[in-house]
Amino acid sequence: MAWPWLSCLLLLTLMVSVEANVAPTFSGNMTRVNLPEDLPVGSEAFWLVAQDQDQDSLTYGISGQYAYFFTVTPATGEVKLASPLDYETLYLFAVTISVSDSHNNPVRKEMQVIVEDRNDNAPVFQNSGFSTSINETLPVGSLVFSVLAKDQDTGSAGAVVYSIEQVIPSNGESQHLFRIFPNGSIVLNGSLSYNNKSAFYQLELRACDSGGLYNNVFTIQCSSPVFLSISVVDQPDLDPQFIREFYSATVAEDTPQGTSVLKVEAVDSDKGINDPVIYSISNSTRPGWFAIKSDGVIMVNGSLDREQLLEEDEEVKVQVMATETKPNIYGQEAKVSIWVTLTVTDVNDHQPEFYNCSLLACTFTPQEAQVNFTGYVNEHASTRIPIDNLTMVVYDPDKGNNGTFLLSLGGPDAEAFSVSPERAAGSSDVQVLVRAPAMVDYERKTVMLVQVMAIDSVSGNSSVALVTIHLRDINDHRPTFPHSLYNIRVWEHSANGTVVTNSIHAFDPDTGEGGRITYSLLPGNGAEIFKVDPDSGMVTVRNSVLLDREKQAEYYLTLQATDGENLSASTTLHIILLDINDNWPVVSGSYNIFVQEEDGDVLISLQAQDNDQPNTNNSRLHFSLLPGPYSHNFSVGPDTGILRNLGPLDREAIEPTLGGRIVLTVLVADCGMPVLSTGVNVTINVEDINDNLPIFNQSIYSFSVKERDPGKLVGVVKAWDADQTEANNRISFSLTGSGANNFLLQGLVLESGGAGGFLRLPADVSLDYETQASFYLTLSAENPDPHGKEARAQVLVAVEDVNDEPPTLDSASLQGIRVAENGSQHGLVAELVPQDVDTMAQLEVQLVNTICTKAGVNVGSLCYGWFSVLANGSVVINQSEAIDYETCDLVTLVVRANDLTTDPRFQAYSDNGSLAITIEDTNDNAPYFLPDNKTFVIIPELVVPNQQVASVQARDNDSGNNGAILFSILQVDFIAKDGAMIPFQGFFRVSTSSEANLFIGNIELVTNLDSTLQGTYQVTVQAQDRPSVGPAQEAKITLNLFTVDQSYRVRLQFSMNKEEVGANMEEITAALVQATRTTVYVVSIQDIESTVRARGRSYLDAYFVFSNGSALTLDELSVMIRNDQDSLTQLLQLGLVVLGSQESQESDLPKLLTNVIIGLGVALLLIIVIMTTALMCTRKSYSRKLRATKAAKEARRTAPGVMPSVSAIPGTNMYTTERANPVLNLPTKDLSFESQSSSSDLDHMSLNSLDDNSVDVEKNEEKIKKEPTHSPTEQDGEPLSVVLSGRKTGTGGQQEKLSFTNAGLDTTDL
């Protein structure tokens, strides 16, 4: 019965077991993927990620219509691109992804693949050939042509921008003649000209997109250039143009009408049109003289007269108009004009004629022509004197000899005159000259007549002019006066214009100008005082002021009479001045006397005179005393001028301000009419005598003074003396009594007769209230009286008490205190105690300064306002929250005590005291991390436990334990490339170190990392301070540690061993960094085993990592090294031969081992075959040796560097020019490194026939053994190569290395 139950239980267990295996599920983000269309084929496209709760092995796959785009690695889910993407062809498609755990049905899911556009297309013009024609008058800004280019890309990569690359003809003007707009419209940007610029233009156009990403590089794609041909069509927009710039011709003035003179010619400036031109005369300086035919011939059209063109340089200007037969583009006539100069030559068709004008002003009009002329001349004029007022010109308008004529005289008086010139041409002034002066006599004949004849020297034609000559009389008499001397009297200072005489006249019998008389005074004595009328001869006063009898009483003047011909005569005028009362009396000297009061007398004789005529009333004088304040004390004699005092004089009776000086005024007057007088001052100085005593203004003086006030003024005393002189009223003071030696009495003159006494303390004496409170003194005043009399007064001085001691501060109250920062304390923190010994002192405490320091360094005013000092000495916190230990750790308050009632003369302040307030730190600042732009990269296979992989730096502004930081790791998460987050614990630790105030957290690896994981480790680091009191503060930071898995490991093969590669590691790394701009992490350097057929002797495994954590793949590394030719060259020189990944190279090893095993089996079979055929081959050995010997000889004869025209000899190591072995006909495989490498590349080494390389083996070996030994690393040469190397070099000097030796298969092995 138990078996059925057991069977049920097993069945149930099996069912539960089956149901427990859950099918895998795709991640939630496996619904859509975005791929750029420029993703290279073979590159990683995305990963298929699924989760299986049973941890079964998963197999991934892709199916569907578009599955051919991808290949998937079933075991890992890595999806690579198998076929190139094209956004323009297919920008969206779907594939079916599947995953299977081998237990359940495959799970399928549709995934949308979105192809992202990249700038992989250049714009394409819709047409390739463009041409157009435009008129040359096309306005600027007009459309010329439109082009269109399309770009299949989207966004800015598909936005087309057009440009004009070049304009042909290429000159500075045409480069900007056209402009292209963003829409492809080409417009005219300047003016065209078919004739002056160009008739054809060719524009090179290009279209570029606005740029976009292509292969992760911002790229701008441009089209191939296209060309636009523009033909300029000529338009009739230009006027015709004469073929010559100037036309001129000559024609005689008697030329018949209709005679041709000149032909002009014009052409159309529009070369592409060339319209016919017709001619006409549009203007002329002589209308009607000339005409023009339709063919441009100018002919005579009327009578010509050269003489009408004299003012026009004998030229006729004709304006010829050339007009095109068709209108221009504006509907107007196209025409041009030019002035033609026609010169008219002369013929003899005129006779000389006379004109009444001057030559320069003559216009030779018929109105000016005249035959009767008039002139004047003085009688008996000298020979060749011309006739006056005769303006005669002879003019013949003909030119040259035709205008030459002869001049001569005729008539009744022709013998007395001559003519000039006698021969002239064209025109000339004519003068009639005196020839016989004796015949020109006014008394015999007043009018004379002559004829002037002008005869043409060629034709003989003549003209005659009559000249009437009037004779002028000359002056031959002088003026005369009736008397040679005239006596005249006149009053002095007569008014200007007063007539002195008008009865003196001269006489001249001549008439006209010769008989007209003019009067004048000759220079001399008095000429500036008098003047004469030039016509009447009346003499008057010129200057009344200078007419002064007292200066000069008589004058002698010379009066001259002159006729109109400057003949003159003179007479003398004697002028006597009469006196008038015009002078004031003049007092001689000054009068200033001194006389003593009481006993002195005054006796003064005044001296005066009058300059008027002596012994007349005008000069007789009279003296009188004018009224004044003191004139009643004196008298003066009216005729004698003696001044006397009438009684004794008293100095004190005189006004004190006068200083004893009396000024009297005496009037001195003459007796003339009018009366003239002069006043004179007489000064009488009354001298003072000492006849008065001093008097005090007070009998008792009361003063007070403060103690300890040296030099202080106590009071002022005053006294007066009635005497008016300093010698008599000078007062001196003296002081007597108990304590009088404590005072000084300084006298001072206050005013006349008064004196003051300043009672003061000496500068070195101060009174003490406690010693003596008052002083009683006697004051005396006296003057220099020989009798010794004086005046006295009493002086009382009271001493006042003062506050004169400075306050102090109690030193105990200045002990330092401590205050915590950041509002920890409030209110009163200290009490300052002021002291003063004075009884009336009123004290207060003052804050003088605040000193802020941090670590002993003054930090300025940062702590101002934290504390206040009250007047009663209380120190209180003013800004508790502002107190900051990190800003200032010591506040020093400089204070002092002040006595408000201290006497201003004494110090009211105490010495400064300092109160030190130490600021205590609190934990008020959290740690903070310092910014660091480093990127941390982890290569799992390179890092080992205890190795540092990252670091952080932090600070804390607190001090002591409050600022000490301890780092810790809070959390570690791994973010995979698919976005999945995996928590990790215990993989990292952090150690803390410090330098000064900087704390450093070094993050170290605890255990090995999984090198297959791809993603980023996010490490959250905490910085926490360690306060003694209160809670700790902290800060956090998350670091990204980027991992680089083994798929990015790259292997580089070198032709050198690992020791040589290691020695050159610094140069190799520098070249790789320069080419890739990455950080190079070297994993290992190893030699390649000799059993492995490789192209290098050693390899270097490394990672190439960017600063953002991404790394280079093999393909990317290869591209970047190829793009940097300098680095590539350097790496090749350092022995680089092959680039490859570790897997690709390691995967060849199993295959190689398999091939070796198979090869060994095949070798056993071959040995049997070889043994069988050995005998057969023996007889062929000799023939092989002969062929090898011939090959060696042939190689020796071949010059190095010379490539034979035929294939190389079989059995040698020579290559053809295509670097192929001629025996096997195998071309080399080039990875672009081998051509520059010096290594022995296995793929390029020859594969020689072993049978044909077995020549003279023993002999070659013996030679090798006899050679001297070299370093252990030096290899023996292959025998045939040694033979070849022994050839003589060619003419070039050096032997070129054109052979490659296969180190594995050579004749040495035989």
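As the structure is a prediction and not an experimental result, all values here were calculated from the model.

(A) How the structure looks around the confidence of the model for the chain. Per-chain confidence: the chain averages 81 in pLDDT, with 86% of residues scoring 70 or above. Looking at the elements of the chain, mean pLDDT is at its lowest for helix H10 (residues 1257-1266), recorded as 37, and at its highest for strand S7 (residues 78-81), recorded as 95. Contacts for the low-pLDDT stretch residues 1-19, under 50 throughout, to residues beyond four places or in other chains number zero contacts. Across residues 1198-1310 the pLDDT falls below 50, and counting only partners more than four positions away or on other chains, this stretch makes 138 contacts in the model.

(B) Region of the structure containing the sheet that holds strand S43 (residues 539-541). On the basis of which strands lie adjacent, the open sheet formed by three strands has the order S40-S43-S42 and antiparallel pairing. Edge positions in the sheet fall to strand S40 (499-501) and strand S42 (530-532), since each has one partner strand and no second. Strand after strand, the sheet turns through a mean of 35° between neighbouring axes, direction not considered.

(C) Main features of helix H4 (residues 1065-1076). In a regular helix each residue adds 1.5 Å, so 12 residues correspond to 16 Å; H4 covers 16 Å between its end C-alpha atoms and thus fits that length. Residues Met1065, Ile1068, Ala1071, Leu1072, Ala1075 and Thr1076 constitute the buried set of H4. The buried residues of H4 all sit within an arc of 130° when viewed along its axis, so they share a single face. In this structure, the buried side of H4 is in contact with strand S82 (1050-1054), helix H3 (1058-1063), strand S83 (1079-1087), strand S84 (1098-1105), helix H5 (1114-1123) and helix H6 (1125-1133). Within two residues after H4, Arg1077 carries a phi angle of roughly 55°, on the positive side.

(D) Layout of the packing of aromatic side chains. Per the stated rule, a full pass over the model turns up 27 aromatic pairs. Residues Tyr66 and Phe93 carry aromatic rings whose centres are separated by 5.1 Å and whose planes lie at 45° to one another, so their mutual orientation is tilted. Taken together, the residues Tyr66 in the loop between strand S5 (59-63) and strand S6 (70-72) and Phe93 in strand S8 (residues 92-100) connect sequence positions 27 residues apart. Here the aromatic cluster, defined as three or more aromatic residues joined through ring pairs, consists of Phe46, Tyr66, Tyr68, Phe69, Phe70 and Phe93. It is Arg896 that lies over the ring of Tyr909; its NZ or CZ is 3.5 Å from the centre. Looking at Arg1051, its charged tip hangs above the ring of Tyr1099, at a distance of 3.7 Å from the centre.

(E) Geometry of the environment of Asp610. On the secondary structure map, Asp610 appears in the loop between strand S49 (607-609) and strand S50 (621-625). Counting along the chain gives 27 residues from Asp610 to Asn583, while the straight-line C-alpha distance between them is 6.6 Å. Contacts of Asp610, omitting those with residues within four sequence positions, involve Asn583, Trp584, Pro585, Asn618, Ser619, Leu621 and Asp670. A polar atom in the side chain of Asp610 sits 3.0 Å from the backbone nitrogen of Asp612.

(F) Here's a closer look at the packing of H5 against H6. The N-to-C vectors of H5 and H6 enclose an angle of 100°; their axes lie 5 Å apart at closest approach. Between H5 and H6, the interaxial angle falls into the category roughly perpendicular. Contacts between H5 and H6 involve Ile1121, Arg1122 and Asn1123 from the former and Gln1125, Leu1128 and Leu1131 from the latter. In the contact of H5 with H6, the residues fall into three nonpolar, two polar and one charged.

Reading guide: rules and limits
- Residues numbered from 1 in each chain as written.
- Predicted model: local features only at pLDDT ≥ 70, side-chain atom pairs only at ≥ 80, totals over all residues.
- Heavy atoms only, no water.
- pLDDT = per-residue confidence, 0-100.
- Helix = DSSP H or I, 4+ residues; strand = E, 2+ residues; numbered from the N terminus.
- Contact = heavy atoms within 4.5 Å.
- Pairing = 2+ DSSP bridges.
- Axes fitted to C-alpha atoms, helices over the stretch in contact; angles between N-to-C directions.
- Expected span 1.5 Å × (residues − 1).
- Buried < 20%, exposed > 50% of the residue type's maximum accessible area, 1.4 Å probe, protein only.
- Arc of directions from axis to C-beta.
- Phe/Tyr/Trp six-rings, centres within 6.5 Å; stacked < 30°, edge-to-face > 60°.
- Lys NZ or Arg CZ within 6 Å of the ring centre and 35° of its normal.
- Polar contact = N/O pair within 3.5 Å; in protein donor to acceptor, adjacent residues only side chain to side chain.
- Parallel < 35°, antiparallel > 145°, perpendicular 65-115°, else oblique.
- Nonpolar A, V, L, I, M, F, W, Y, C, P; charged D, E, K, R; others polar.

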